[in-house]
Structures are given as structure tokens and as C-alpha cells.
Amino acid sequence: MKSPIIIAGLESTGKTSFICSLLQLGKERQLNGAGFKPFDSGLLKRNAVEQLGDGELFCLQMVGEPAETLVSPYCAHEDYPLEMSLRRDGINIKWSLVQERMKLLNDLYDFTCIELPGSLFTPITEEMMVIDWLKNLEGEIIWMFHPEQYRFNQNLSELKCLMALDLDFSVVFNNVTPQIDQDLLFYIWEKTEKFTVREAAGMLPYVGKQQTIYPELGSKIEDNLSALLESFIAD
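Starting afresh in each chain, residues are numbered from 1 along the sequence in its written order. Owing to the predicted nature of the model, reporting of local features is limited to residues with pLDDT of at least 70; listing and counting of side-chain atom pairs is limited to 80 or more, with chain, interface and lining totals taken over all residues. Only hydrogens and water are set aside; all other atoms, that is, all heavy atoms of the structure, feed into the side-chain values.

**As for the sheet that holds strand E5 (residues 111-115)**
Strand pairing in a sheet relies on backbone hydrogen bonds. The paired strands run either parallel or antiparallel.
Then comes step 1: The pairing criterion for strands is at least two bridges between them, as found by DSSP. Numbering of helices and strands starts at the N terminus; helices are DSSP runs of H or I of at least 4 residues and strands are runs of E of at least 2. Judged by pairing direction, the sheet is parallel, and its six strands sit side by side in the order E2-E5-E1-E6-E7-E8 without closing on themselves. Sheet topology places strand E2 (33-36) and strand E8 (202-204) at the edges, where each strand pairs with a single neighbour. Looking at each pair of strands side by side, their axes are set apart by 25° on average, direction ignored.
Then comes step 2: Inspection of the sheet shows strand E1 (residues 5-9) paired to strand E6 (residues 140-145) by five bridges, in the parallel sense. In the sheet register, Gly 9 faces E6, and the bridge partner there is Met 144.
Then comes step 3: Any pair of residues with heavy atoms lying within 4.5 Å of one another is described as a contacting pair. Only C-alpha atoms enter the line fits that serve as axes; for helices the fit covers just the stretch in contact. Angles between N-to-C directions range over 0 to 180 degrees. Across the face of the sheet, helix H6 (residues 95-108) comes into contact with E2 and E5 while running at roughly 165° to E2.

**Remarks on the pattern of salt bridges**
Then comes step 1: Salt bridges are defined as contacts in which a side-chain nitrogen from Lys or Arg sits within 4 Å of a carboxyl oxygen from Asp or Glu. Taken as a whole and assessed by the stated rule, the structure comprises 13 salt bridges.
Then comes step 2: For Arg 87, the salt bridge goes to Glu 83, with nearest N and O atoms at 2.8 Å. Of the two residues, Arg 87 and Glu 83 are both situated in helix H5 (residues 82-88); the distance of four residues between them amounts to about one turn of the helix.
Then comes step 3: Relative accessibility decides the category of a residue: with a 1.4 Å probe and only protein chains considered, values under 20% of the type maximum give buried, values over 50% give exposed, and everything between is partly exposed. Since its relative accessible area comes to 53%, Arg 87 is described here as exposed.
Then comes step 4: Judged by its relative accessible area of 16%, Glu 83 falls in the buried class.

**A word on the packing of helix H1 (residues 15-28) against helix H3 (residues 54-61)**
Then comes step 1: Two elements in contact, H1 and H3, have axes separated by 9 Å at closest approach and are oriented at 10°. Overall, the two elements H1 and H3 adopt an arrangement that is roughly parallel. Counted together, Thr 16, Ile 19, Cys 20, Leu 23, Gln 24 and Lys 27 of H1 and Asp 54, Leu 57, Phe 58 and Gln 61 of H3 form the full contact between these two elements. Note on angle classes: values under 35 degrees are labelled roughly parallel, values over 145 roughly antiparallel, values of 65 to 115 roughly perpendicular, and the remainder oblique.

**Brief notes about the packing of aromatic side chains**
Then comes step 1: Each Phe, Tyr or Trp ring (for Trp, its six-membered ring) is paired with any other whose centre lies within 6.5 Å, and the angle between the two planes then decides the class: stacked below 30 degrees, edge-to-face above 60, tilted in between. Across all of its chains, the model carries eight aromatic pairs by this definition.
Then comes step 2: Seen in terms of ring centroids, Phe 39 and Tyr 74 are 6.2 Å apart; in terms of plane orientation they differ by 10°. Their pairing is stacked. Of this pair, Phe 39 sits in strand E3 (residues 39-40) while Tyr 74 is found in strand E4 (residues 74-75), placing the two residues 35 residues apart along the sequence. Like Tyr 74, Phe 39 is buried.
Then comes step 3: Judged by centre distance (5.2 Å) and plane angle (80°), the ring pair of Phe 39 and Trp 133 falls under edge-to-face. Residue Phe 39 is found in strand E3, and its partner Trp 133 is found in helix H7 (residues 130-134); the two are separated by 94 residues along the sequence.
Then comes step 4: Judged by its relative accessible area of 2%, Phe 39 falls in the buried class.
Then comes step 5: Cluster of aromatic residues (ring-pair linked, three or more members): Phe 145, Phe 152, Phe 173, Tyr 187 and Trp 189.
Then comes step 6: We call a charge positioned above a ring when the Lys NZ or Arg CZ atom is no farther than 6 Å from the ring centre and deviates by at most 35 degrees from the ring normal. Lying over the aromatic face of Phe 169, Arg 198 brings its terminal NZ or CZ to 3.8 Å of the ring centre.

**Examining the nonpolar core**
Then comes step 1: For the purposes of this section, nonpolar cores are sets of buried Ala, Val, Leu, Ile, Met, Phe, Trp, Tyr and Cys residues that join through side-chain atoms within 4.5 Å. By size, the foremost hydrophobic cluster in this structure holds 73 residues, and its most contacted members are Phe 18, Leu 22, Leu 116, Leu 134, Ile 142, Leu 162 and Ile 221.
Then comes step 2: By residue number, the principal contributor to this core is H1, which donates six residues.
Then comes step 3: Those residues in contact with Leu 134, other than ones at most four positions away along the chain, are Ile 6, Leu 116, Leu 120, Ile 141, Leu 162 and Leu 167.

**Some thoughts on the pairing of strand E7 (residues 169-174)**
Then comes step 1: The element E7 is largely enclosed, with a buried count of six among its six residues.
Then comes step 2: Of the two faces of E7, both are covered, the one formed by Phe 169, Val 171 and Phe 173 as well as the one formed by Ser 170, Val 172 and Asn 174.
Then comes step 3: Summarising the sheet, E6 and E7 pair through five bridges and their orientation is parallel. In the strand pairing of E7, Phe 145 is matched with Phe 173.
Then comes step 4: For crossovers, right-handed means that the path from the first strand over the helix to the second runs clockwise, given strands pointing away from the viewer. Taken together, E6, helix H8 (residues 152-164) and E7 form a β-α-β motif whose crossover is right-handed.
Then comes step 5: Judged from the three bridges that link them, E7 and E8 form a sheet pairing that is parallel. If you follow Phe 173 over to E8, its bridge partner there is Met 203.
Then comes step 6: On the question of chirality, the crossover connecting E7 to the parallel E8 by way of helix H9 (residues 182-196) is right-handed.

Spelled out as C-alpha cells, the structure:
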């Protein structure tokens, strides 16, 4: 199987928009990409405000008119912690199904982007956290990092976990809200690079409401993350 592109990071760091923009950029290069978010929750809350789910957003950027159940097979109704939401819906995760869907996407598309839940320590089942699943995935890990003060320490903790497991990853800073404190930005960038002993792949500027700006965000990805982009979406 081709190795997937694994998009990780805390909640509300722009992972879904980043994937949708990568899928658009792929099409510009005559490459058909797929998004895959097997675990999700909060379906009732989204329906109440007529908001598209992440799986639906992926499908809109994919060729072949795939069904949402293909790219997001386990989506719970209530907005509780993931495992709790799945349990309350009576959903039992079948890892063989997750593997089957990944293989199918691998066969049908040129590349696949997998979106992880909002923390490596998110329980998926009683036995498995996200990090346990990630250890069994082979692919390029992109850590989406919103450079804000109140979650800075948590980001470092999650990155330390990746380092402890000797998993390779790239850090992408993504300003999903307007950021005007340049001193804070510089500090977070410098400290993260020193802590992870690697250069960050780059920083994306704030471009507006994330679900409406895929073309503009894609242009910023090309401008600010060109080396990273070409490493997994080549002509």
C-alpha cells in the first residue's frame, strides 16, 4: 500500500481544511486524493446548525462522488468524548473495517490523507487510544500546531510522545485565528524547534473562516510549505 499522509494535531487546528486544500492541490496536479476520518462525533450538533461533517467536506473534494460512510465510517451522534459517544450509540469499532476502507481508498486514489482525532491521548475504545492506532500506521505525520499560548504546553507534551516513540513528523504552524503578537509567535516557533530538534516545515497565515477558503489556503500552502508539499504531492 502507498503510505498515507497522517494529519494530526489538537482540536480546532485546521486539520480538515488543510486536508481539503491538499485534495484541491492534488487535482491541480492531475492527482486524485482522498480524505479519511474514520472516527468522529457530534453529528446531532452539526445537523442542528446545518453544518457539513468533515467526511462530507472530504467527499466534496474527491472524484467519483464517494459516500460519506466510506471516508467516515464511525460517526457518533452526541458531542461527548469520542469513546463515550461511540459507546452510547452502541458502535463497536472493527479495526478490520478500518483497514479495508484504507485499502480501498489506496486502490482508488493516488494519495490518502488521514485525519486523527484531536489528541494522541484520545480514547477510541476501552483498549486503544489514538497513539496506539498511530503506532500501527505507516505514513508521513504532519502535526498541525495553532500557535496560541494556552495550548502551547499541551502541544509540546504531544510532540514529546511522538519523539519518545521515535515517530518521524513535521510541524506546521497554522494561524486559524488572527495572531498579532509577533513576540509570542517567535517564542513558540523557536522553542518548538529547539524542543523537537528539527526545523518547522513552515507557518500558514490566517486566511479567514476555514471551511470557505480552500483555494486561498491551498495557495498559502504552496507559498509557505513548498518543500513539504512536494514530498508527498508531486507532479
